[in-house]
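Residues per chain, in single letters:
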Amino acid sequence: MADHEIVSTEPATGAVLWRREVGDANAEVAAARAAWAGWAARPFAYRAETLRRFANVVRARADAFTDLIARETGKPIWEARGEVESVIAKVEISIAAYADRTAQRRLDAPMGSRMALRHKPHGVLAVLGPYNFPAHLPNGHIVPALLAGNAVVFKPSEKTPASGAMLIDCYKAAGVPDGCVRLLVGGPAEGKALSGHPDIDGLLFTGSARTGLQLNRQFADHPEKILALEMGGNNPIVVWDTPDIHTAAILVAQSAFTSAGQRCTAARRLIVEGRLYDALVDQLVRLSNRIIVGEPHADPAPFMGPVIDNEAADQLTESFLALLMKGGRAIRHLERPIDARPFLYPALIDVTNMQERPDIELFGPILQVIRSDDFDEAIAVANDTRYGLSASLISQTPALYDRFWANIRAGIVNWNKPTNGASSNAPFGGIGWSGNHRPSAYYAADYCAYPVVSSESEAARASIGIGLRDG
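In what follows, the accompanying structure is described. The numbering scheme is per chain: residues are counted from 1 as the chain's sequence reads. Local features are withheld for residues below a pLDDT of 70 in this predicted model, meaning they are given only at 70 or higher, and side-chain atom pairs are given and counted only at 80 or more; totals for whole chains, interfaces and linings count all residues. Heavy atoms from the whole structure form the basis of all side-chain values; hydrogens and water molecules are not counted.

This next bit is on the overall build of the protein chain. What the protein chain contains, in helices and strands, is 14 helices and 19 strands. A principal-axis box enclosing the C-alpha atoms of the protein chain has dimensions of 90 × 55 × 40 Å. Classification of the 471 residues of the protein chain by burial places 55% in the buried group. A sequence separation of at least 24 residues applies to 71% of the contacts in the protein chain between residues at least 6 apart. Summing over all exposed atoms, the protein chain offers an accessible surface of approximately 20500 Å²; the carbon and sulfur share of this is 51%. Asp and Glu count as negative and Lys and Arg as positive, but His and the ends of the chain are not part of the count. A charged residue contributes its charge at one atom only: NZ of Lys, CZ of Arg, CG of Asp or CD of Glu. Within the protein chain, one finds 47 positive and 52 negative side-chain charges whose respective centroids are separated by 5 Å. Helical segments are the DSSP runs of H or I of at least four residues, strand segments are the runs of E of at least two, and each set is numbered from the N terminus. The cut-offs for exposure are 20% and 50% of the maximum accessible area for each residue type, with area from a 1.4 Å probe on protein chains only; residues under the lower value are buried, those over the upper are exposed, and the others partly exposed. In what follows, a contact means two residues having at least one pair of non-hydrogen atoms within 4.5 Å. All accessibility values rest on the Shrake-Rupley procedure with a 1.4 Å probe; residue burial counts only the protein chains present in the view.

The next subject is the layout of surface pockets. The definitions used throughout rest on a 1 Å grid laid over the protein atoms alone, on which a cavity is an enclosed set of points accommodating a 1.4 Å probe that cannot get out and a pocket is an open set flanked by protein within 12 Å on both sides along at least five of seven lines; lining residues are those having an atom within 4 Å of a point. Grid points are joined across faces, edges and corners, and a volume is the space filled by probe spheres set on the points. Here the largest pocket defines a volume of roughly 1400 Å³. Lining the largest pocket are 43 residues, with Tyr131, Gly207, Ser208, Arg210 and Thr211 positioned closest to its centre. Of all the elements, helix α8 (residues 209-218) adds the most residues to the lining of the largest pocket, at 7 residues. In the lining of the largest pocket, the residues fall into 17 nonpolar, 15 polar and 11 charged. Here the nonpolar group is Ala, Val, Leu, Ile, Met, Phe, Trp, Tyr, Cys and Pro; Asp, Glu, Lys and Arg are the charged ones; every other residue, Gly included, is treated as polar.

Take Val57: it is sitting in helix α2 (residues 44-60). Overall, Val57 belongs to the buried group, its relative accessible area being 15%. If we ignore the near neighbours within four places in the chain, the residues touching Val57 are Cys170, Ala173 and Ala174.

Only strands joined by at least two bridges in the DSSP assignment are considered to pair. Across the sheet, 3 strands lie side by side as β3-β4-β19; this open sheet has antiparallel pairing. Edge positions in the sheet fall to β3 (105-107) and β19 (449-456), since each has one partner strand and no second. Mean inter-strand twist for the sheet, computed between neighbouring axes without regard to direction, equals 30 degrees. Bridge count between β3 and strand β4 (residues 114-121): 3 bridges; the pairing is antiparallel. Note on β4: the bridge partner recorded for Leu107 is Met115. For helices, the fitted axis covers only the stretch in contact; all axes are lines through C-alpha atoms, and the angles between them, taken along N-to-C directions, range from 0 to 180 degrees.

Contact geometry for helix α3 (residues 62-73) and helix α4 (residues 77-101): axes closest at 8 Å, N-to-C directions at 125 degrees. Judged by the angle between their axes, α3 and α4 are oblique. Seen along the crossing, α3 lies across α4 with a hand that is right-handed. On the side of α3, the interface is formed by Ala62, Phe65, Thr66, Asp67, Ile69 and Ala70, while α4 contributes Ile77, Ala80, Arg81, Glu83 and Val84. Of the residues assigned to the contact of α3 with α4, the class counts are 7 nonpolar, 1 polar and 3 charged. Roughly parallel means an angle under 35 degrees; roughly antiparallel, over 145; roughly perpendicular, 65 to 115; everything else is oblique. A crossing counts as left-handed when the near helix is turned anticlockwise from the far one by less than a right angle, and as right-handed when that turn is clockwise.

A few words now on the nonpolar core. Within the largest apolar cluster, 75 residues are counted, with the highest numbers of intra-cluster contacts made by Phe54 and Tyr171. It is α4 that provides the largest number of residues to this core, a total of 8 residues. In this description, a nonpolar core means a group of buried Ala, Val, Leu, Ile, Met, Phe, Trp, Tyr and Cys residues linked to one another through side-chain atoms lying within 4.5 Å. Counting 63 residues, the second largest nonpolar core, distinct from the first, contains Met354, Phe375, Ala410 and Val413.

To continue, consider the packing of aromatic side chains. Two aromatic rings, drawn from Phe, Tyr or Trp (for Trp, its six-membered ring), form a pair once their centres lie within 6.5 Å of each other, and the interplanar angle then sorts them: stacked below 30 degrees, edge-to-face above 60, tilted otherwise. Enumeration according to the criterion identifies 7 aromatic pairs in this entry. Here the aromatic rings of Trp39 and Tyr46 are separated by 6.3 Å at their centres, their planes lie at 70 degrees, and the arrangement is edge-to-face. With centroids separated by 6.1 Å and ring planes inclined at 85 degrees, the aromatic side chains of Tyr131 and Phe363 adopt a geometry described as edge-to-face. With Tyr131 in the loop between β5 (124-128) and α5 (136-148) and Phe363 in the loop between β13 (347-350) and β14 (366-372), the pair connects residues that are 232 residues apart, well separated along the chain. Only lysine NZ and arginine CZ atoms are considered, and such an atom sits over a ring when it is within 6 Å of the ring centre and within 35 degrees of the ring normal. Directly above the ring of Tyr46 sits Arg42, whose terminal nitrogen or CZ lies 4.2 Å from the centroid. Over the ring of Tyr277 we find Arg371, and its NZ or CZ is 4.0 Å from the ring centre.

As structure tokens, this is what we get:
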């Protein structure tokens, strides 16, 4: 690949899908800076109607968009279709969220005056998107940002630029002004140029904790800029006191292996009650053996596609071997059926007796299993992480869920549900290394505009009753 060009290839086949010249952060930010004030001056109803047209454009292009996402990420066609549906649904959810979270309000004020609460956009917001949901996740930042009156410069992941480009094309086809939604094609260098640009007013990021921590340091000297970080997790799923082992195994597999484990909310650690261990592990192995791994359009439809590229598959293979070297016991080995392609079959590894379990996000289909005989210990193990995004308890005992909810440290806490599949109708975010207290989804409106409080009176009235000499 030439230095001046970004090339996207299909992980399932290795075929070149898309290529384009690397962009210029200065030019894209300048275009957004010149355009945002005019967009912000438009009535909210105008911006909302423009984004409703965007939803209709995506709806009209849904088949082509679905196919592109599936080819570029490797995810099954059914999953890519669900992502496109989420892009469409995001508009109405964001309009409702804006009305709820940033509505104009009148407040009580003395002496016939009035107090008003309104919100203003920040200006130009940069958005850095991930590869696992290359349309849905950046769209979750861009739609509320545009609704609030901001202009956006979006740099998609260099691994999924085609999906990002199609998303931007849909905004422009709907009538979002060209300067208000800009596409920056590039790799890490362009991302750094954008995040460090003096003319952005904030950055909205979804991606790895490593990059998020670098951004947090970069923004430390800029308290005037908004920074929203969503950074993934080392998420636990706890199975305790449940008679339905088969259903528990399904919920665990859905949590760990959907999207080939490439979800920030995916379960990375299974903590299981000792007396249930053998039966649950047996069911998990049986279920994992049945999971179809294949290319996006395969028939029958696969449950999992490949991971994003060979580099990711190599790193996951090395991580699995490192767990074995540190004392892990393989329950089901990480299999890679085609050497030159990033298809991986789900892996299970028992790390109960490992002296020091690494607190890392293994972004793929590897599930670490830990046996425990005490529920308080299970919660302590679940909390033994710097992350804090998602956690789930599988149990038929409500009192255990009450204890779990009260003591677990995570922004998403589920009961008899997978760790993943969060709703866009609710806030989405975590604590620790999972975020910086700027939850996205329904609460994205909070970081896309800032509150302005105004004390107002139609006539000027003033007097000083104390502390003046007679005049």
